[in-house]
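# A look at the structure
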Amino acid sequence: MSKKDKQLADYAMVCDLICQLSAHVSEAATIDNIMHLFRTLCAPSKIIYIPIVEGLPSEAVTFPEKINAEPIISGLINDFKDDYAWTISGGGFRVKIKGREGLLGLMELDGLLFPEYKNHYLNLFLTIASAISLSISNSRLYQSLLIANNQLEKKTHELGQLNIHLEGQVRNKINEIRQKEQILIQQSKMATMGEMIGSIAHQWKQPLNAISVNIQDIKDAYEYGELNSEYIDNMIATSNEQVDFMAKTIDDFRNFFRPSKEKIAFNVVNSLKEVLSMFKDVFNKDSVTIGIFYDNGSELKCIGYPNEFKQVILNIINNSKDAIVVKRGKDPKAFFEGKIRITVHKEDHAVVVRVSDNGGGIPELIIERIFEPYFTTKPSDIGTGIGLYMSKTIIETNMAGSLTVRNIEEGAEFKIIIKAADG
């Protein structure tokens with residue numbers, strides 16, 4: 001074969017390789033094909049390729065694989081300044097492979113089988129240098145995207161697991177909060193049990209006295225010969241009336257303690273009157289009068305839990321009573337009658353209940369905190385700090401309403417808004 005024919009045949013092989021390089025997805029495959037091409041063309045005794053990644057040399061690729069390439073690698077990295085040069089032996093060449101991002105690698109081919117053709121082989125390499133650099137750049141970009149995609153999938157999986165974990169934590173926390181709220185509701189009711197027992201005892205005192213008088217009167221009637229069937233019937237009737245009154249008192253308090261199982265439509269005014277009928281003696285004892293003012297009482301119905309609503313009202317009026325007693329204690333000589341005013345009216349599609357008092361109001365520094373759990377300004381043997389917190393929870397969380405407070409001229413005003421039954 002003539003020299004010209006050989007050169008043409010070599011260029012044909014190079015062109016064929018250029019077409020193949022675009023299909024390579026790894027840098028290793030590109031370099032392997034380059035090495036295979038030049039081993040076929042010029043049978044070099046050794047080939048060394050050093051990848052340069054982010055300005056730093058990586059692990060070298062050599063042919064043969066087990067040659068001692070350290071001296072050559074050091075020379076390529078430290079002494080190779082131009083884009084290409086002849087090897088120290090003169091039997092080959094070394095070339096820098098460059099891309100848009102800078103230096104991509106260094107390659108040296110030495111010990112060519114036909115050293116007289118080394119210019120020809122160098123020109124061949126320079127001819128495909130741009131294709132090599134593009135293939136290497138693309139393969140590195142592909143590998144970077146592959147790594148990024150794997151990291152993204154890993155992070156997505158970790159995020160999914162974290163979300164599952166967080167969802168479980170949120171569910172557990174919600175259940176824990178609900179359990180605590182139920183405990184607090186019960187504690188709030190237990191905190192008023194002493195007053196309830198006192199009220200029951202007070203309401204029972206009169207019928208018990210009446211029954212005691214009846215028993216004593218039976219003895220007197222027997223001694224004076226007045227004990228007859230008419231007398232006994234009358235005594236039984238009056239005693240049964242007192243017992244019925246006592247039984248009704250117990251039923252009223254038992255119903256108060258029984259939680260409402262589901263939301264129902266209930267008459268707000270009737271609920272207010274039931275609370276006052278049970279606890280009026282407690283307030284009378286402290287010289288506190290309570291008035292209810294309303295219009296169209298039969299229409300003042302809302303949707304919610306009636307027994308819990310009664311608990312809220314009791315908490316609020318107890319708070320007002322305590323404020324009135326504290327205000328009196330600051331100046332015992334300036335005694336005043338305690339007044340609690342409850343107004344009920346319909347506003348748009350809601351029932352609005354306002355409870356106001358003349359207890360002097362709430363200090364501005366703490367008015368924003370009175371609905372916090374366990375926050376109280378009362379001594380520990382009087383206040384637990386859970387009544388108003390649970391009142392707000394019942395109205396806003398359980399009944400989808402609102403409970404707010406503000407200071408007025410003589411005291412404080414609590415405002416409850418609940419959706420009307422016909423709203």
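- The name recorded for the chain in an unreviewed UniProt entry is histidine kinase, from Candidatus Magnetobacterium casense.
- According to the UniProt record, the Catalytic activity (unreviewed entry) comment for the chain reads "ATP + protein L-histidine = ADP + protein N-phospho-L-histidine."

## A short note on the sheet that holds strand S8 (residues 288-294)
- One open sheet accounts for five strands, arranged S8-S10-S11-S13-S12; its pairing is mixed. Each edge of the sheet is formed by a strand with only one pairing partner; in this case those strands are S8 and strand S12 (402-407). Taking each pair of neighbouring strands and ignoring which way they run, the sheet shows an average axis angle of 15°.
- Inspection of the sheet shows S12 paired to strand S13 (residues 412-419) by six bridges, in the antiparallel sense. By the bridge assignment for S13, Asn407 is matched with Ala412.
- Relative to S8, helix H7 (residues 268-285) is tilted by about 170°, and along the sheet it contacts S8, strand S10 (338-347) and strand S11 (350-357).
- Together, S12 and S13 form the strand contacts of helix H9 (residues 387-398), whose direction differs from that of S12 by roughly 135°.

## With respect to the nonpolar core
- In terms of nonpolar packing, the biggest core is built from 46 residues, with Val268, Phe309, Ile317, Ile342, Val344, Val353 and Ile416 touching the most fellow members.
- Listing elements by their share of this core, those giving two or more residues are H7, S8, helix H8 (306-330), S10, S11, H9, S12 and S13.
- Sort the elements by how many residues they give to this core and H7 lands first, with nine residues.
- In this view, Val353 contacts Val268, Phe309, Ile313, Ile342, Thr343, Val344, Phe414, Lys415 and Ile416; residues no more than four positions away in its chain are not counted.
- Residues Phe38, Ile47, Leu104 and Ala131 belong to the second largest nonpolar core, which totals 28 residues.

## Section: the pairing of strand S9 (residues 301-304)
- The alternating pattern of S9 places Cys302 and Gly304 on a buried face, while none of Lys301 and Ile303, on the opposite face, is buried.
- Taken together, the four bridges between strand S7 (residues 264-267) and S9 define a ladder with antiparallel strand orientation. Paired with Phe266 across the bridge in S9 is Cys302.

## What to know about the pairing of S10
- Bridge count for S8 against S10 is seven bridges, and the pairing is parallel. In the strand pairing of S10, Ile290 is matched with Ile340.
- Here S10 pairs with S11 via eight bridges, running antiparallel. Counterpart to His345 in the pairing with S11 is Val352.
- A loop of two residues connects S10 with S11, the two strands running antiparallel in sequence, and Asp348 in this loop sits at a positive phi of about 55°.

## Considerations on the packing of H8 against H9
- Following both chains from N to C, one finds H8 and H9 inclined at 145°, their axes separated by 9 Å at the closest point. Crossing handedness for the pair H8 and H9: left-handed. For the pair H8 and H9, the contacting residues are Glu308, Phe309, Val312, Asn315, Ile316 and Asn319 in the first and Gly387, Leu388, Ser391, Ile394 and Ile395 in the second.
- Across the contact of H8 with H9, the residue classes tally to six nonpolar, four polar and one charged.

## Side note on the pattern of salt bridges
- According to the stated counting rule, one finds 13 salt bridges in the structure shown.
- Where Arg354 meets Glu413, a salt bridge forms, and the shortest distance between an N and an O atom there is 3.7 Å. Taken together, the positions of Arg354 in strand S11 and Glu413 in strand S13 put the pair 59 residues apart, joining distant regions of the chain.
- Look at Glu413 and you get buried, because its relative accessible area is 11%.
- Lys392 serves as the salt-bridge partner of Glu396, at 2.8 Å between the closest nitrogen and oxygen. On the criterion of helical spacing, the pair formed by Glu396 and Lys392 is a turn pair, its members being four residues apart in helix H9.
- Connected via shared salt-bridge partners are Asp286, Lys321 and Asp322.

## Considering H7
- Spanning 18 residues, H7 covers 26 Å between terminal C-alpha atoms, matching the ideal 26 Å at 1.5 Å per step.
- If you look at H7, its biggest bend is around 60°, right at Phe279.
- Residues Val268, Val269, Ser271, Leu272, Val275, Leu276, Met278, Phe279, Asp281, Val282 and Phe283 constitute the buried set of H7.
- If you check the start of H7, you find a side-chain oxygen 3.0 Å away from the backbone N of Val269, and it comes from Asn267.
- Directly after H7, the chain includes Ser287, whose backbone phi takes a positive value near 55°.

## A short note on the packing of aromatic side chains
- The full count for this structure, using the stated rule, is six aromatic pairs.
- Both rings, one in Phe38 and one in Phe125, keep their centres 5.5 Å apart while their planes meet at 50°; by these two values the pair is tilted. A residue pair is termed long-range when its members are at least 10 positions apart, and Phe38 in helix H2 (residues 27-42) and Phe125 in helix H4 (residues 118-191) qualify at 87 residues. Each member of the pair, Phe38 as well as Phe125, carries the same accessibility label: buried.
- Note on Phe266 and Phe309: the rings are 5.5 Å apart at their centroids and 50° apart in plane angle, and the pair reads as tilted. Residue Phe266 is found in strand S7, and its partner Phe309 is found in helix H8; the two are separated by 43 residues along the sequence.
- The buried category is assigned to Phe266, whose relative accessible area is 6%.
- Among the aromatic residues, ring-to-ring pairing joins Phe38, Phe93 and Phe125 into one connected group.

## What about H9?
- A rise of 1.5 Å per residue sets the reference length of H9, with its twelve residues, at 16 Å; its end C-alpha atoms lie 15 Å apart and thus fit the reference within 8%.
- Listed as buried for H9 are Gly387, Leu388, Tyr389, Met390, Ser391, Thr393, Ile394 and Ile395.
- Positive backbone phi, approximately 55°, marks Ala400, located one or two places after H9.

Definitions and limits used
- Residues numbered from 1 in each chain as written.
- Predicted model: local features only at pLDDT ≥ 70, side-chain atom pairs only at ≥ 80, totals over all residues.
- Heavy atoms only, no water.
- UniProt positions renumbered as here; feature names shortened; annotations may be inferred.
- Pairing = 2+ DSSP bridges.
- Helix = DSSP H or I, 4+ residues; strand = E, 2+ residues; numbered from the N terminus.
- Axes fitted to C-alpha atoms, helices over the stretch in contact; angles between N-to-C directions.
- Contact = heavy atoms within 4.5 Å.
- Core = buried A, V, L, I, M, F, W, Y, C linked by side-chain atoms within 4.5 Å.
- Buried < 20%, exposed > 50% of the residue type's maximum accessible area, 1.4 Å probe, protein only.
- Left-handed = near helix turned anticlockwise from the far one by under 90°.
- Nonpolar A, V, L, I, M, F, W, Y, C, P; charged D, E, K, R; others polar.
- Salt bridge = Lys/Arg side-chain N within 4 Å of Asp/Glu carboxyl O.
- Expected span 1.5 Å × (residues − 1).
- Bend = angle between axes of the 7 residues up to and from the residue.
- Polar contact = N/O pair within 3.5 Å; in protein donor to acceptor, adjacent residues only side chain to side chain.
- Phe/Tyr/Trp six-rings, centres within 6.5 Å; stacked < 30°, edge-to-face > 60°.

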